[in-house]
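# Chain and residue survey
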Amino acid sequence: MTVAVDFKNVDIVFGADQAGSLALIDGGATRAEILEKTGNVLGCAGASLTVHEGEISVLMGLSGSGKSTLLRAVNRLNVVSRGQVLVKDGDGTVDVVTCDEVTLRRLRQKQVAMVFQQFGLLPWRTVEENVGLGLELAGVPEAERKERVQRQLKLVNLDPWSKKYAHELSGGMQQRVGLARAFATEAPILLMDEPFSALDPLIRTKLQDELLQLQAELKKTIIFVSHDLEEALKIGTHITIMEGGRIVQTGAPEDIVLRPANDYVRDFIANVNPLSVLTAWNVMRDRRDLEESTDGWVWLDRRKTTRFKIDEHGLVAAAERDGKPAVWVSCTDIEAQPEETAQVFWAAPGTSLKTVMMAMHRSQTAPVALFDDQSRFVGAIGVRDVLSAVLRR
Amino acid sequence: MDPISKFLVAYKIPIGPWGKAFFGFLTDNFDTVFRTFSNSLNFLLDGIVDGLLLLPPVLLIALIALLAYFLQRSKGLAVAVFLGLLFILNQNLWKQTVETLVLVVAAAAASMAIGVPLGIWAAHKPKVYRIMLPVLDLMQTLPTFVYLIPVLTLFGLGNAPGLIVTIIFVIPTSVRLTHLGVTSVPKSIVEAGEAFGATKRQLLWKVELPSALPTIMAGLTQSIMLSLSMVVFAALIGAGGLGTEINRALGSRRIDLGLEAGLAIVVLAIVLDRMTRIGVGGKK
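Residues numbered from 1 in each chain as written. Chains lettered and ligands numbered in written order. Predicted model: local features only at pLDDT ≥ 70, side-chain atom pairs only at ≥ 80, totals over all residues.

## Looking at the domain arrangement of chain A
How big an interface is tends to be stated in terms of accessible area lost as the parts join. Short version of the rule: Domain ranges listed in this record stem from an automatic or a database domain assignment.
For chain A, the domain assignment lists domain 1 (3–9 + 44–272) and domain 2 (281–390). The C-alpha-based centres of domain 1 of chain A and domain 2 of chain A are spaced at 40 Å.

Written out as structure tokens, the structure reads:
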């Protein structure tokens, strides 16, 4: 996978005494110590993070944790004190920290677009004029600009509103304009600085869904700042947790939930519903850890209620439940299945834990099998696996 | 008197003589420059006044009412402007009003032309503003009569020195309001402009100025009002117009004349204010 944005040991200090603050950072001083000794504010320290193309990388943390500061280093809205921020630019990369003004402007016009928490729309301009801002600044000819703006407006369902002024729209609509403005430049990298935090919860959820839909189509590289873990888990392919200007943990959403690096992260995830994060893959016992029965049969659960016979290709040849033959059915269309005892549900690795639990509920706590995309048996989930995942023990 | 005070009085700092010497130096060496400037300005202003007075007053009044309509898209305002100016004509003060109008519009235009760029500069460079601030305070608080004298010696009598004192008095307002407008552009939209790759010039023309426009326009309205308030003072050094009438009324204690000219100024003030203010009528 190609790297889109690479932060390398980024330190950001706000204030006059840069050298003194950097020396303190090297000594491992906290933000409070640096403020006391130099009067400077530590934005972030020693931040290294690699974002690949097509990822949605979420920077998480409480307010003041440095997440926005780090994000804004990508287009140099914040000046980096030390370190590198490498941004993909065509076939090469550009170090935003050291590049000249002309290169920076080209990056901002063509490579990196941004969506703001407070929308940042120009209130005296109409919706279409706002969406066209980036193209206008880049000197795109008017005819082409109009055409591209119309296309973006359709994409976010704003075309009926194109002649309205930005301030006449609701918050959710305004942020759609903000999104369209960022998409209109066709920049492959998108910076989103708490874009949905100023919206009410229902609109927020809706816009998150829309963003995910658009992303499935457009495949941008998105760096997204949020203080809301539910949001991060929902939209992030990767999550980075920050505290006091430093990165605490980086990983996939389920890594963060299952293996928090320290108490800060643990506190963070304390109120997260594991059902919304975990998948069958995260909780299953691997096939090799299951108890073998006689000639090619494997027990799916510790209580030995259910077993599969696996052929040499790894496919299931026969199933037995409580000593009687059973059928194996997918739990994706669980509602459509008649309720009977002689069936064993199977799930794919990406199936949510919630669906797995419904399958168990449906089948009187029978284990759920896990098949890969070629229908090969890879593992099983028993009631105890589910319980320990939910209770995080 | 105590010794310290005696000492201080004995060694008076010669501010006055210095200033006198400075202006003496200017008149001795650059008299022709100032006089030429003053004469051409007088010629220009008088020419405009004469040109406007060639038109039949009712036609000119109708044209101004039409302009009011185009500026504000309000029929009511156009009618009010028309009636107000007819009242001035009725009081037989039309010539003086045109003289005053030209002086006021010229002063406001000049002070905007100088003040807005200065205000933008000050908004972008806080250090510049810190240096500018005491100068602006001086220009606004120094009693008008004090700078009437040097302006009179440099530029002589007439409309031109009247225009210059008015500009000196008015510029600080347009500088201050432009500075206020540009510095209070929301940070979020400035950042949006930067994030999408605006150059400094694009940022100024596409983000900062449109955002500051209402405040800058308030500066224009204020400039016009302040210019009008200077009309009476300008008349003291030979600027024509309604101010001359008022000074004459004061000199000869004519309540009737003072009232007529005073009301004409008020009507003119209201007309100009409504015509240049943002948000009158249906316009956003």
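## With respect to the sheet that holds strand β8 (residues 221–226) of chain A
Residues and elements named next belong to chain A. To keep things clear, this is the line we draw: Between any two strands, pairing holds if DSSP finds at least two bridges. By definition, any uninterrupted DSSP run of H or I lasting at least four residues is a helix, any uninterrupted run of E lasting at least two residues is a strand, and each is numbered from the N terminus. Orientation is described by axes fitted as lines to C-alpha atoms, over the contacting stretch for helices, and by angles from 0 to 180 degrees between their N-to-C directions.
Pairing within the open sheet is mixed, and its 6 strands lie in the order β6-β7-β8-β3-β9-β10. Each edge of the sheet is formed by a strand with only one pairing partner; in this case those strands are β6 (112–115) and β10 (246–251). Mean inter-strand twist for the sheet, computed between neighbouring axes without regard to direction, equals 20°. Where strand β3 (residues 56–60) lies against β8, 5 bridges are found, and the strand directions are parallel. Its bridge partner lying in β8, V58 is registered against F224.

## A short note on the UniProt feature "transmembrane region" (unreviewed entry) in chain B
All names here are of chain B. Short version of the rule: UniProt positions are given in the numbering used here, feature names are shortened, and annotations may be inferred rather than shown by experiment.
This chain's UniProt record puts "transmembrane region" (unreviewed entry) on residues 51–70, 77–94, 100–123, 144–171, 224–243 and 255–272. Secondary structure across residues 51–70 divides into 90% helix and 0% strand, with the first and last C-alpha atoms of the span separated by 23 Å. Helix makes up 100% of residues 100–123 and strand 0%, and the two end C-alpha atoms of the span are 33 Å apart.

## As for the interface of chain A and chain B
What counts, and what does not: Contacts here follow a simple rule: the backbone-placed C-beta atoms of the two residues must lie within 7 Å. Residues are grouped as follows: Ala, Val, Leu, Ile, Met, Phe, Trp, Tyr, Cys and Pro are nonpolar; Asp, Glu, Lys and Arg are charged; all remaining types, including Gly, are polar.
Facing 16 residues of chain A, the contacting portion of chain B comprises 13 residues. Mapped by element, the contributors of at least two residues to the side of chain A that touches chain B are α4 (101–111) and α6 (133–137) of chain A. The class makeup of the residues in the side of chain A that touches chain B is 8 nonpolar, 6 polar and 2 charged.

## Focus on the UniProt feature "domain: ABC transporter" (unreviewed entry) in chain A
UniProt records the feature "domain: ABC transporter" (unreviewed entry) at residues 29–269 of chain A, using the numbering of this structure. Split by type, residues 29–269 of chain A is 41% helix and 23% strand. Its first and last C-alpha atoms lie 26 Å apart.

## Some points on the confidence of the model for chain B
All names here are of chain B. Quick reminder of the rule: One confidence number per residue, pLDDT, is output by the predictor and ranges from 0 to 100.
Within chain B, residue pLDDT values average 90, and 98% of them lie at 70 or more. In the model, residues 280–284 has pLDDT below 50 throughout and makes 12 contacts with residues more than four positions away in sequence or in other chains. Here the predicted complex scores 0.80 on pTM and 0.78 on ipTM.

## Here we look at the packing of helix α7 (residues 144–155) of chain B against helix α8 (residues 159–183) of chain B
All names here are of chain B. Formally: For classification purposes, an angle smaller than 35 degrees is called roughly parallel, one larger than 145 roughly antiparallel, one from 65 to 115 roughly perpendicular, and anything else oblique. The crossing is said to be left-handed when, going from far helix to near helix, the turn is anticlockwise and less than a right angle, and right-handed when the turn is clockwise.
In the contact formed by α7 and α8, the axes pass within 10 Å of each other and the chain directions differ by 140°. Classified by the interaxial angle, the pair formed by α7 and α8 is oblique. Judged by the twist between their axes, the crossing of α7 over α8 is right-handed. Contacts from T144, Y147, L148, V151, L152 and F155 in α7 reach A160, P161, I164, V165, I168 and F169 in α8. For the contact of α7 with α8, the class distribution of residues is 11 nonpolar, 1 polar and no charged.

## Let's talk about the sheet that holds strand β15 (residues 324–330) of chain A
All names here are of chain A. A sheet is described by the order of its strands in space; here 8 strands give the open sequence β11-β18-β17-β16-β15-β14-β13-β12, paired in mixed fashion. At either end of the open sheet lies a strand with only one pairing partner, and these are β11 (285–286) and β12 (297–299). One ladder, built from 2 bridges, connects strand β16 (residues 343–347) with strand β17 (residues 368–371); its direction is parallel. In the sheet register, W346 faces β17, and the bridge partner there is A369. Sheet strands in contact with helix α14 (residues 353–362) are β16, β17 and β18 (377–381), and its direction is about 180° off that of β16.

## A closer look at the UniProt feature "domain: ABC transmembrane type-1" (unreviewed entry) in chain B
With numbering aligned to this structure, UniProt lists the feature "domain: ABC transmembrane type-1" (unreviewed entry) at residues 97–276 of chain B. Measuring from the first to the last C-alpha atom of residues 97–276 of chain B gives 18 Å, for a span that is 88% helix and 0% strand.

## Observations concerning helix α10 (residues 200–236) of chain B
Residue pairs spaced three or four apart in an α-helix point in one direction, given the helix's 3.6 residues per turn. All names here are of chain B. As a reminder, the rule being used: Expected helix span is given by 1.5 Å per residue-to-residue step, counting one fewer step than there are residues. One axis is fitted to the seven residues ending at the residue and one to the seven starting there. The bend at that residue is the angle between these axes.
The end-to-end C-alpha distance of α10 is 45 Å, clearly below the 54 Å that 37 residues give at a rise of 1.5 Å each. Of all the bends in α10, the greatest, near 55°, is centred on L213, and the proline P214 appears no more than four residues after it. Of the residues one or two after α10, G238 is the one with positive phi, at around 100°.

## Quick look at the nonpolar core
What counts, and what does not: The term nonpolar core means buried Ala, Val, Leu, Ile, Met, Phe, Trp, Tyr and Cys residues held together as one set by C-beta atoms within 7 Å. Using C-beta atoms placed from the backbone, we call a residue buried if 20 or more other C-beta atoms fall within 10 Å of its own, exposed if 12 or fewer do, and partly exposed for counts in between.
Of all hydrophobic cores here, the largest spans 107 residues; its most connected members are V74(A), V368(A) and A369(A). For this core, the two domains that each supply at least three residues are domain 1 (3–9 + 44–272) and domain 2 (281–390) of chain A. When sequence neighbours within four positions are dropped, the list of residues in contact with V74(A) reads V5(A), V85(A), V87(A), V96(A), V112(A), L191(A) and I223(A). Listed in part, the 62 residues of the second largest apolar core include A123(B), V165(B), I167(B) and V182(B).

## Some remarks on the packing of α8(B) against α10(B)
All names here are of chain B. The contact between α8 and α10 brings their axes to 8 Å, and the two run at 155°. The pairing of α8 with α10 is recorded here as roughly antiparallel in orientation. Helix-helix and strand crossings are classified by hand; for α8 and α10 the assignment is right-handed. Split by residue class, the contact of α8 with α10 holds 13 nonpolar, 11 polar and 1 charged.

## Some words on the environment of R259(A)
All names here are of chain A. Of note, R259 is situated in the loop between α11 (253–258) and α12 (263–269). Taking the C-beta count within 10 Å as the criterion, R259 has 11 such neighbours and is therefore assigned exposed. Spatially, the C-alpha atoms of R259 and Q249 are 9.9 Å apart, while their sequence positions differ by 10 residues.

## Quick notes on the pairing of β6(A)
Residue and element names in this part refer to chain A. Judged by which residues are buried, β6 turns out to be covered on both faces: V112 and M114 on one side and A113 and V115 on the other are all buried. Alignment of β6 against strand β7 (residues 189–193), held across 4 bridges, turns out to be parallel. If you follow M114 over to β7, its bridge partner there is L191.

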